[in-house]
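Report on the structure
Residues per chain are reported as follows:
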Amino acid sequence: MKAQSKLYFYLIISAVLLAIIAVLSLNTGVYDFGEKSPFMALWQFIKGDSGLSLSDKYVIWDVRAARIIMAILVGSMLSVSGTSLQGLFKNPLATGDLIGLTSGATLLAAIAIVLGGHFKEYLPEAVQFSLVGIAAFIGSFLSMMLVYRISTSGGKTNVVMMLLTGVAITAIGFSITGFLIYISKDEQLRDLTFWNLGSLAAATWTKNIILAVVAVIAYIILLPKGKALNAMMLGEKDAQHLGINVERLKKQIIIIVALMVGSCVAFSGTIGFVGLIVPYILRLLFKSNYTFILPLSAMCGSILLLTADTFSRSIVAPSELPIGILTALMGGPIFIAILVKFKKSL
Amino acid sequence: MKKFILAASVLVAVYSCKKAEGTAKENTTEATSEAPKTNNKIVTLNGGITEIVAALGHEKEIVATDVTSTYPASLKTTAKDLGHMRSMTIEPIMAVSPTLILASDKDINPELMGKIKSSGIKTEVFKQEYTVEGTKKLIEQVAKAIGNTDYQKLNDKIDADLKQVQPIAKKPKVLFIYARGNMLMVSGKNTPMASLITLAGGENAVTDFEDFKPLTPEAVVKANPDVLFFFETGLQGAGGNEGALKMPGVSQTNAGKNKKIIAMDGGLVSGFGPRVGEAAVGLNKLLIESTK
């Protein structure tokens, strides 16, 4: 019970921190609200004040607020995906990007974008969104299955095999995406390059609602799995003895992670390393206790991505830095730190 | 717990430094965007369209442009540069509170277009064709969009300029190279370059594909151009004439053997705005010189 209240304490602390960053982020941007502050504008919007100009309303609600919510949702989901995979594979290097899920999702999303162009205009907007989303989900699901099948034998997952399979999938994905880049026109090329580095600039409330639905479903199933993942650390057989349906747990995690990574890639492009950075820091603080780090990673992923996004859109204003550059910059050193720390066990 | 507080305070400190910098920047842009005193506040997102608006005498109404809008140069001080179309986001556009956005259908990406549409700002997206007729049509459409009916003089000037193009007896085969490091991007059919080369009395050396593509050394040899054509900045980047001659395959072509390399200002050549006639005459002169 004491541990439980400690968890709530940390959750509340991180929620407060997230709220502070969200407020700062809401206040950041090149648009000038004139006399009033952005918070005032938001308050007027919430109250339905008719004195709020259309531009103010649009920037505060459809641009900044939508983007902040998207950063919170995507950061949270990528981070929880990483944490769950690391629990499942019992390895700190297992994340969506490193084992090829992101690459698989990117590839199918890119195909849907390039080839979908032929019939896309005949579809309603919501279906256009889900076309790319479904493709990204299938891409990450297939990669997940492939990685799992190749690297697991006799119920044991070989970590080196898993990472190498990820390398192979990434290479295949990269080459086919490269082909798409080759056949694309100059302007499509720029889009693909920009998209490959991730961006939250295209955030809309429609996308946020879809992401939120995915997140709610995923968290209802995943977040209570902390104890099961802790048991998995003892090995699958021991976990089974403790009454855990290991096969069912694996299937659930695989499908949900694929769904989360797929929908994040579909709406925000490739934002790497979030699933590596957050669980790593949390493990430093709380060891590998998944009842703690699973719910906390949902919060801290949001904090990380929202902070990174706020920087990405203010460093080179009025333009912006693709957010993938920032997360990779943070993730690279942590990746090396993990390698050094786990040198012997890899 | 301590770690959390420490992390939070570092974050806030870093953020507040950044914020101070940000407000300083905002102040300077405010000062410059006050300059236009007319009622229209136009954002132009294409070099050619920018030129048309300026040529019609509405330069002061332009409050922001994209990176391709390099002419007239005075815009650099009066209008905000929003960067490249493909990495542009909606908020900087909203920040200049435009009343009208003018863009070309080829430049704008669908995500940004969606955002612009939902922002409710009056927006005109023009179809740009890289022909003289297309340019005249564009001039007429842009003029109407900004409420100016006095556009005929621009179209007449294009015709007058084009009359100065001298016919070249033996049409030189011209290869336009968009140089990016070792990668040669060359212009195929239906590109502004191919169109301008034809207007200037030359012949585009590439006829088997559309748009821009990387060209292999072998294909450079097969195309065998008489003249290599660059943007001035592109040629500089490629190491000048010497660098161009060292590009794979080039030494085997007529252009390479005779060292026929020409370069022009990128904005002038690719804009297909009111200066299209001027650009064609300029290229025509260079081609005549290089075929002597």
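Residues numbered from 1 in each chain as written. Chains lettered and ligands numbered in written order. Predicted model: local features only at pLDDT ≥ 70, side-chain atom pairs only at ≥ 80, totals over all residues. Heavy atoms only, no water.

1. Re the overall build of chain A
We count it as follows: Segments assigned H or I by DSSP are reported as helices when at least four residues long, segments assigned E as strands when at least two residues long, and all are numbered from the N terminus. Per-residue and other accessible areas were derived by the Shrake-Rupley procedure at a 1.4 Å probe size, with only the shown protein chains allowed to occlude residues.
On a plain count of helices and strands, chain A comes out with 14 helices and 2 strands. In terms of overall dimensions, chain A has C-alpha extents of about 65 × 55 × 35 Å along its principal axes. Working note: accessible area of chain A is about 15100 Å², and carbon and sulfur atoms make up 70% of it.

2. Describing the confidence of the model for chain A
Selection criterion: Confidence of the predictor in every single residue is expressed as pLDDT, which spans 0 to 100.
Per-residue confidence for chain A gives a mean pLDDT of 86, with 92% of residues at or over 70. Across chain A, the element-wise mean pLDDT spans from 65 in helix H7 (residues 186-196) of chain A up to 95 in helix H8 (residues 205-222) of chain A.

3. Side note on helix H14 (residues 323-341) of chain A
Residues and elements named next belong to chain A. Here is the rule we go by: A helix is expected to reach a length of 1.5 Å times the quantity of its residues less one. Two axes enter the definition of the bend at a residue: one is fitted to the seven residues ending there, the other to the seven starting there, and the bend is the angle between them. For the exposure calls, accessible area comes from a 1.4 Å probe over protein chains only, and a residue counts as buried if that area is under 20% of its type's maximum, exposed if over 50%, partly exposed in between. In this description, contact between two residues means that some pair of their heavy atoms is separated by no more than 4.5 Å.
With 19 residues, H14 extends 27 Å from end C-alpha to end C-alpha; this agrees with the ideal 27 Å at 1.5 Å per step. Approximately 25 degrees is the largest bend angle found in H14, and it occurs at Gly331, with the proline Pro333 only one to four residues beyond. For H14, the full list of buried residues reads Ile323, Gly324, Leu326, Thr327, Gly331, Ile334 and Ile338. Buried residues along H14 sit in contact with helix H12 (274-286) and helix H13 (290-312).

4. Concerning the packing of aromatic side chains
The cut-off we apply is this: A pair of aromatic rings is counted whenever rings of Phe, Tyr or Trp (Trp by its six-membered ring) have centres within 6.5 Å, and the orientation is called stacked for planes under 30 degrees apart, edge-to-face for over 60 and tilted otherwise. Lysine and arginine charges are scored as sitting over a ring when NZ or CZ, respectively, is within 6 Å of the ring centre and within 35 degrees of the ring normal.
Counted by the stated rule, this structure contains 13 aromatic pairs over all chains. Where A:Phe89 meets A:Tyr148, the ring centres are 6.3 Å apart and the plane angle is 55 degrees; that geometry is what we call tilted. One end of the pair, A:Phe89, is in helix H3 (residues 54-89); the other, A:Tyr148, is in helix H5 (residues 125-151), and 59 residues separate them in sequence. Put simply, the rings of B:Phe176, B:Tyr178, B:Phe212, B:Phe229 and B:Phe231 touch in pairs and so form one group of aromatic residues. Residue placement shows B:Arg275 over the ring face of B:Tyr71; its charged tip is 3.4 Å from the ring centre.

5. A few points about the sheet that holds strand S2 (residues 62-65) of chain B
Residue and element names in this part refer to chain B. Using the following cut-off: Any two strands between which DSSP finds at least two bridges are classified as paired. To get an axis, fit a line to the C-alpha atoms, keeping to the stretch in contact for a helix; angles then go from 0 to 180 degrees between the N-to-C directions.
Taken in spatial order, the 5 strands line up as S3-S2-S1-S4-S5 in an open sheet, and their pairing is parallel. What marks the edges here is a single partner per strand, and that holds for strand S3 (80-81) and strand S5 (122-126). Looking at chain direction, strand S1 (residues 42-44) and S2 are connected through 3 bridges and run parallel. Across the sheet, the residue bridging to Val43 is Ala64, located in S2. In the packing of helix H6 (residues 132-145) onto the sheet, contacts are made with strand S4 (100-104) and S5, and the angle to S5 comes to roughly 175 degrees.

6. A short note on the nonpolar core
Here is the rule we go by: For the purposes of this section, nonpolar cores are sets of buried Ala, Val, Leu, Ile, Met, Phe, Trp, Tyr and Cys residues that join through side-chain atoms within 4.5 Å.
If you look at the biggest cluster of nonpolar residues, it comprises 114 residues, and the most contacted ones within it are A:Val74, A:Phe89, A:Met260, B:Val43, B:Leu45 and B:Ile116. The dominant element in this core, judged by the number of residues it contributes, is H3(A), at 16 residues. Aside from chain neighbours lying at most four places away, what touches B:Leu45 is B:Asp66, B:Leu82, B:Met85, B:Met88, B:Ile101, B:Leu102, B:Ala103, B:Asp107, B:Ile108 and B:Ile116. B:Val53, B:Phe126, B:Ile139 and B:Tyr151 belong to the second largest nonpolar core, which has 46 residues in total.

7. Considering the packing of H8(A) against helix H11 (residues 246-268) of chain A
Residue and element names in this part refer to chain A. Definition in use: Here is the rule for angles: anything less than 35 degrees is roughly parallel, anything more than 145 is roughly antiparallel, 65 through 115 is roughly perpendicular, and the remaining ranges are oblique. By the definition used in this description, the sense in which the near helix is turned from the far one sets the handedness, with an anticlockwise turn below a right angle giving left-handed and a clockwise turn giving right-handed. Note on residue categories: nonpolar means Ala, Val, Leu, Ile, Met, Phe, Trp, Tyr, Cys or Pro, charged means Asp, Glu, Lys or Arg, and polar means any other residue, Gly included.
Put simply, H8 and H11 touch, their axes get as near as 10 Å, and they point 160 degrees apart. In terms of their interaxial angle, H8 and H11 are classed as roughly antiparallel. Pair H8 / H11 crosses with left-handed handedness. Within the contact between the two elements, H8 uses Lys207, Ile210, Leu211, Val214, Ala218, Tyr219, Ile221 and Leu222 and H11 uses Gln252, Ile253, Ile256, Leu259, Met260, Ser263, Cys264 and Phe267. Grouping the amino acids of the contact of H8 with H11 by side-chain chemistry returns 13 nonpolar, 2 polar and 1 charged.

8. What to know about a nonpolar patch on the surface
Residues and elements named next belong to chain A. To keep things clear, this is the line we draw: Patch definition: residues with relative accessible area over 30% and no salt bridge; like charges joined within 9 Å; nonpolar side chains (Val, Leu, Ile, Met, Phe, Trp, Tyr) joined within 5 Å. Each reported salt bridge corresponds to a side-chain nitrogen of Lys or Arg within 4 Å of a carboxyl oxygen of Asp or Glu.
Side chains of Tyr8, Ile12, Val16 and Ile20 sit close together on the surface and give an oily, nonpolar patch of about 380 Å² of accessible area. Positionally, Ile20 belongs in helix H1 (residues 2-26). A relative accessible area of 39% means that Ile20 is categorised as partly exposed.

9. Some details on the pattern of salt bridges
Residues and elements named next belong to chain A. According to the stated counting rule, one finds 14 salt bridges over all chains in the structure shown. The partner of Lys250 in a salt bridge is Glu236, and the shortest N-O contact between them spans 3.1 Å. Of this pair, Lys250 sits in helix H11 while Glu236 sits in helix H10 (residues 236-241); the two residues are 14 residues apart in sequence, bridging distant segments of the chain. The class for Glu236 is buried, based on a relative accessible area of 14%. Across the pair Lys250 and Glu247 runs a salt bridge, and its minimum N-O distance is 3.4 Å. Taken as a pair, Lys250 and Glu247 lie in helix H11 at a separation of 3 residues, close to a single helical turn. Classification of Glu247 as partly exposed rests on a relative accessible area of 43%.

10. Observations regarding the pairing of S2(B)
Residue and element names in this part refer to chain B. For clarity, the threshold we go by: Call a crossover right-handed when, viewed with both strands pointing away from you, the route from the first strand across the helix to the second goes clockwise.
Chirality of the crossover, the property in question, places the unit of S1, helix H2 (residues 47-58) and S2 among those that are right-handed. Relative to S3, S2 is paired through 2 bridges, and the arrangement is parallel. Opposite Ala64, over in S3, you have Lys80 as the bridge partner.

11. Quick notes on H11(A)
Across its 23 residues, H11(A) extends 32 Å between first and last C-alpha, which sits within 8% of the 33 Å expected from 1.5 Å per residue. Where burial is concerned, most of H11(A) is hidden: 18 out of the 23 residues are buried.

12. Quick notes on empty space enclosed by the protein
Taking a probe equal in size to a water molecule and rolling it over the atoms shows the remaining empty space. Test applied: Only protein atoms enter the calculation, which uses a 1 Å grid: trapped sets of points that fit a 1.4 Å probe without letting it out are cavities, open sets showing protein on both sides within 12 Å along at least five of seven lines are pockets, and any residue with an atom within 4 Å of a point is a lining residue. Grid points are joined across faces, edges and corners, and a volume is the space filled by probe spheres set on the points.
Under the defined criterion, the tally for this structure stands at 6 cavities of 30 Å³ or more. Taken as a whole, the largest cavity encloses approximately 180 Å³ of empty space. Lining the largest cavity are 18 residues, with A:Arg67, A:Arg313, A:Glu320, B:Thr89 and B:Glu91 positioned closest to its centre. At the level of secondary structure, the elements contributing two or more residues to the lining of the largest cavity comprise H3 of chain A together with helix H4 (90-95) of chain B. With 4 residues, H3(A) is the single largest residue contributor to the lining of the largest cavity. Across the lining of the largest cavity, the residue classes tally to 8 nonpolar, 3 polar and 7 charged.

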